[in-house]
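Observations on the three-dimensional arrangement
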Amino acid sequence: MQIDQQKCVACSNCIPICPMGAIYIDPAVNRATVNLDECVECFTCHRGMSKEHLNPTVVRTIRGFLKLLRIRFDPEPDVCPTDALTPQELTWPRIVRRAFSDPLVPHESTGVHGRGTEEVKTNDVTDRVKEGEAGFTIEFGRPGVGVRFRDVQQMTMALAALPITFEPKNPVFALMADPATGALRADILNEKVLSAIVELKTPLTHVPGVLRVVEAIAPTLDTIVAIGVATRCDAQGDNGLEPVLKREGYTFYRGKTNLGLGRRPAAASA
Ligand code: SF4
Ligand code: SF4
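As a starting point, this report considers the structure included with it.

**Thoughts on the sheet that holds strand β7 (residues 133-140)**
In space, the 4 strands of this open sheet follow the order β9-β13-β7-β14, with antiparallel pairing throughout. Where the open sheet ends on each side, the last strands, each with one partner, are β9 (165-166) and β14 (225-231). By the bridge criterion, 7 bridges tie β7 to β14 in an arrangement that is antiparallel. Paired with Ala 134 across the strands is Thr 231, a residue of β14. Along the sheet, helix α6 (residues 207-217) contacts β7, β13 (196-203) and β14; its crossing angle with β7, the most-contacted strand, is approximately 10°.

Put into C-alpha cells, the structure is as follows:
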C-alpha cells in the first residue's frame with residue numbers, strides 16, 4: 001500500500017485504521033506515509049475508508065486558512081478526502097503478505113480464505129485427526145503484532161524434529177522448502193503478515209513433546225503464539241487427550257465440540 005503524496009492532505013484519518021501502526025505523518029513533507037517494512041498488505045485502510053475526491057490543493061488551502069483562525073477543519077473520521085490510498089501491484093515474495101493478511105483474498109495454494117484450513121472444524125468429514133491422534137493449530141501473530149516468516153520457521157524447524165506430520169493443505173506448508181526439516185523458502189523469510197497458522201498432527205503419546213517445544217520456542221520469537229489441540233472422541237464420548245493435557249499442567253476445557261453430524265466420505269470411513 002502506498003499513499004499518493006500529491007493527493008494526501010495529512011488529515012491523519014487513516015492512521016488509526018491500520019492494524020499494524022504502519023501509517024505515519026512524515027514531518028519532513030507533512031504527508032501520510034506507509035512504512036512498507038511493517039505494512040502487511042491487509043488492505044484494511046483502502047477497503048475500510050470511504051473515499052471522497054476533493055481537490056487536494058483546495059483542501060490544503062482551506063485547512064491552512066482556517067488554521068490561521070485557530071479553527072480545525074477535518075473530514076469525517078472514516079473518510080480519505082482525496083482518495084490518496086493507492087494499492088500497489090504486488091509481486092513475489094511481497095504478495096505473500098496479502099495472502100496471509102487480507103481475509104477476502106483466497107490463498108493461491110489452497111483456495112481457502114484466511115490463514116489456515118478448516119482443520120478440526122470439519123474433522124468429522126475429513127477424518128484428518130483419527131482416534132489416538134492429536135491435531136494442533138499453532139497460530140503466530142495478531143493485529144498490532146504480526147509475524148515474520150523467519151519466526152514461523154524457528155518453530156517449524158524445531159517441531160519437524162519430532163514425530164509429527166505437517167498438514168499439506170495448510171498455506172504455510174505450501175511455503176516450505178523442505179517439510180522434513182521444517183525449513184521455509186529462503187525468499188519469504190523477511191515477509192511480515194498479520195498472522196499465520198501451522199497445522200500438524202501427532203500420536204497422543206507425543207503431545208507432551210509438541211507442547212514443550214512450543215513453550216520453549218515461543219518466548220524467543222518476536223511475536224505472540226497461541227496453540228490449539230484437538231482429538232477425536234471414542235464411541236462413548238471419551239478421549240485420551242484430556243489426561244495427557246492435565247498431566248502437563250494444563251486446565252482442560254472443551255472449547256469446541258463437533259457433534260459428528262457431518263457425513264464422512266466413504267473413503268474416510270472405510
Ligand atoms: S486519510 Fe487520506 S488524506 Fe488523510 S492522511 Fe490518510 S491518505 Fe492522507
Ligand atoms: S495495507 Fe494494512 S498494514 Fe498496510 S498500511 Fe494499509 S492498513 Fe496498514
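**Observations concerning the nonpolar core**
Phe 100, Phe 149, Leu 159 and Val 207 are the most contacted members of the largest nonpolar core, which has 37 residues in total. Elements with a contribution of two residues or more to this core: α3 (95-101), β7, α5 (149-160), β13, α6 and α7 (241-247). With 6 residues, α6 is the single largest residue contributor to this core. Leaving out residues up to four positions away in the same chain, Leu 159 has contacts with Ile 138, Ile 164, Phe 166, Leu 200, Val 210, Val 213 and Val 214. By size, the runner-up hydrophobic cluster in this structure holds 20 residues, among which are Cys 14, Phe 43, Cys 45 and Leu 85.

**Some points on the site of ligand 1**
Near ligand 1, the surroundings consist of 13 residues, among which Cys 8, Cys 11, Ser 12, Cys 14 and Cys 80 are the closest. A breakdown of the residues in the shell around ligand 1 according to their chemical character gives 10 nonpolar, 3 polar and no charged.

**Considering the pairing of β13**
Burial of β13 is extensive: 6 of the 8 residues sit out of reach of the surface. Both β7 and β13 contribute to a ladder of 8 bridges, which runs antiparallel. Within β13, the residue paired with Phe 136 across the bridge is Leu 200.

**A word on the environment of Asp 234**
With respect to the element layout, Asp 234 can be found in the loop between β14 and α7. A relative accessible area of 28% places Asp 234 in the partly exposed class. Each C-alpha atom of the pair Asp 234 and Phe 73 lies 65 Å from the other, and the pair is 161 residues apart in sequence. Within the structure, Asp 234 has its side chain in polar contact with the backbone nitrogen of Gln 236 (distance 2.9 Å).

What counts as what
- Residues numbered from 1 in each chain as written.
- Chains lettered and ligands numbered in written order.
- Predicted model: local features only at pLDDT ≥ 70, side-chain atom pairs only at ≥ 80, totals over all residues.
- Heavy atoms only, no water.
- Pairing = 2+ DSSP bridges.
- Helix = DSSP H or I, 4+ residues; strand = E, 2+ residues; numbered from the N terminus.
- Contact = heavy atoms within 4.5 Å.
- Axes fitted to C-alpha atoms, helices over the stretch in contact; angles between N-to-C directions.
- Core = buried A, V, L, I, M, F, W, Y, C linked by side-chain atoms within 4.5 Å.
- Buried < 20%, exposed > 50% of the residue type's maximum accessible area, 1.4 Å probe, protein only.
- Near = heavy atom within 4 Å.
- Nonpolar A, V, L, I, M, F, W, Y, C, P; charged D, E, K, R; others polar.
- Polar contact = N/O pair within 3.5 Å; in protein donor to acceptor, adjacent residues only side chain to side chain.

These values are about where atoms sit, not about what they do.
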